[in-house]
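# Structural description and commentary
Read off the chains here:
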Amino acid sequence: MSQAANLDITSANAEAILTVEEIFPSGITLQMFGTDQALSMEAIDLAETRKGVDGKLVAGYIPAIYPVTVTLEAASPSHANLATVWQAMATNKRVYACNLVCTVPSINTVFTWSVGVMKSGAPFPSLEKVLAATNWTFEFQDFERSTI
């Protein structure tokens, strides 16, 4: 592999598809991401650590929730879709199962989050000089990274 092959780290050709089983069972392609951010995942703690009075470390694996934030411009057609999910949750006082798949060709990787729910969202884009981007946070039980 040439050294130039490792230079491409664009996210411009990434594609994210959100499936909400009872509302959008065929999935929706998320479009018109925020200017500086599209999808982000927080760092995940996978271990609990302690140090005993004798100075020895002990550690253990702990299961984690995988939070993902989707940032969309106010004019995004996906904004209306996510607002629909948010409104359905608020109206029906229940959660809807969802999955998210993000394909990133520049690094030949597919990221898959499954068994999740929308945790928070911003159906109202702040009125600023121009309408602000909105953030939508999902939390998932499972996360997998695979090669294209």
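Notes on the structure in this doc start here.

Parameters and conventions
- Throughout, a residue's number is its position along its own chain's written sequence, starting from 1.
- Per-residue local features of the predicted model are confined to residues with pLDDT of at least 70, and side-chain atom pairs are confined, for both listing and counting, to 80 or more; whole-chain, interface and lining totals are unaffected and use all residues.
- Water and hydrogen atoms play no part in the side-chain values, which are based on all heavy atoms of the structure.
- Nonpolar cores were defined as sets of buried Ala, Val, Leu, Ile, Met, Phe, Trp, Tyr and Cys residues, with membership established by side-chain atoms within 4.5 Å.
- Exposure is judged per residue with a 1.4 Å probe applied to protein chains only, and the accessible area is read against the type maximum: over 50% gives exposed, under 20% gives buried, and values in between give partly exposed.
- We count a stretch as a helix when DSSP gives it H or I for four or more residues in a row; a strand needs E for two or more, and each element gets its number in order from the N terminus.
- The contact rule is simple, with two residues in contact once any of their heavy atoms fall within 4.5 Å.
- Residue count minus one, scaled by 1.5 Å, sets the expected span of a helix.
- Identification of polar contacts relies on pairs of N or O atoms within 3.5 Å, with a donor-acceptor requirement for protein atoms, meaning one able to donate a hydrogen and the other able to accept it, and with residues adjacent in sequence counted only if both atoms are side-chain atoms.
- Ring pairs are drawn from Phe, Tyr and Trp, using the six-membered ring of Trp, whenever the two centres fall within 6.5 Å, and their geometry is named by plane angle: stacked under 30 degrees, edge-to-face over 60, tilted for the rest.
- Between any two strands, pairing holds if DSSP finds at least two bridges.
- Axes, fitted as lines to C-alpha atoms, cover a helix only where it is in contact. Angles between the N-to-C directions of the axes lie from 0 to 180 degrees.

Bringing the nonpolar core into the picture now. Leu 18, Leu 82, Leu 100, Trp 113, Trp 136, Phe 138 and Phe 140 are the most contacted members of the largest nonpolar core, which has 26 residues in total. If one sorts the elements of this core by residue count, helix H1 (residues 77-92) sits on top with five residues. If we skip the residues at most four places from it in the chain, Leu 82 touches Leu 18, Ile 28, Leu 72, Met 118, Trp 136 and Phe 138.

Attention now goes to unusual backbone geometry. For Lys 93, which is not glycine, the phi torsion reads 50 degrees and is therefore positive. Following the sequence through the fold, Lys 93 ends up in the loop between H1 and strand S7 (98-104). Phi is positive for Asn 108, close to 50 degrees, though the residue is something other than glycine. By the element assignment, Asn 108 lies in the loop between S7 and strand S8 (109-120).

Structurally, Leu 39 is set in strand S3 (residues 39-41). With a relative accessible area of 22%, Leu 39 lands in the partly exposed category. Sequence spacing of Leu 39 and Thr 49 is 10 residues, and the spatial spacing of their C-alpha atoms is 29 Å. Setting aside anything within four residues of it in sequence, one finds Leu 39 in contact with Ala 16, Phe 33, Val 68, Thr 69, Val 70, Leu 100, Cys 102 and Trp 113.

So, on to H1. Taking 1.5 Å of rise per residue, 16 residues should cover 22 Å, and H1 covers 23 Å from first to last C-alpha, within 8% of that figure. In this structure, the buried side of H1 is in contact with strand S1 (15-20), strand S2 (24-29), strand S6 (66-72), S8 and strand S9 (134-147). Where H1 starts, the residue carrying a side-chain oxygen 3.0 Å from the main-chain nitrogen of Ser 78 turns out to be Ser 76. Count one or two residues on from H1 and you reach Lys 93, which has phi positive near 50 degrees.

With respect to the helices and strands, Ser 76 occurs in the loop between S6 and H1. A distance of 3.0 Å separates a polar atom in the side chain of Ser 76 from the backbone nitrogen of Ser 78. Sequence-distant contacts of Ser 76, that is, excluding residues within four places in its chain, are made with Gln 31 and Met 32.

Applying the stated rule across the entire model yields six aromatic pairs. Centre to centre, the rings of Phe 111 and Phe 143 are 6.3 Å apart; their planes meet at 15 degrees, and the pair counts as stacked. Of the two residues, Phe 111 sits in strand S8 while Phe 143 sits in strand S9, which places them 32 residues apart along the sequence. Overall, Phe 111 belongs to the buried group, its relative accessible area being 15%. Judged by its relative accessible area of 29%, Phe 143 falls in the partly exposed class.

Inspection of the sheet shows S1 paired to S2 by three bridges, in the antiparallel sense. Note that in S2 the partner of Leu 18 across the bridge is Ile 28.

In spatial order, the strands read S2-S1-S7-S8-S9-S6-S3; together these seven strands make up an open sheet with antiparallel pairing. The sheet terminates laterally at S2 and S3, the two strands that pair on one side only. The mean angle between the axes of side-by-side strands here comes to 30 degrees, regardless of whether they run parallel or antiparallel.

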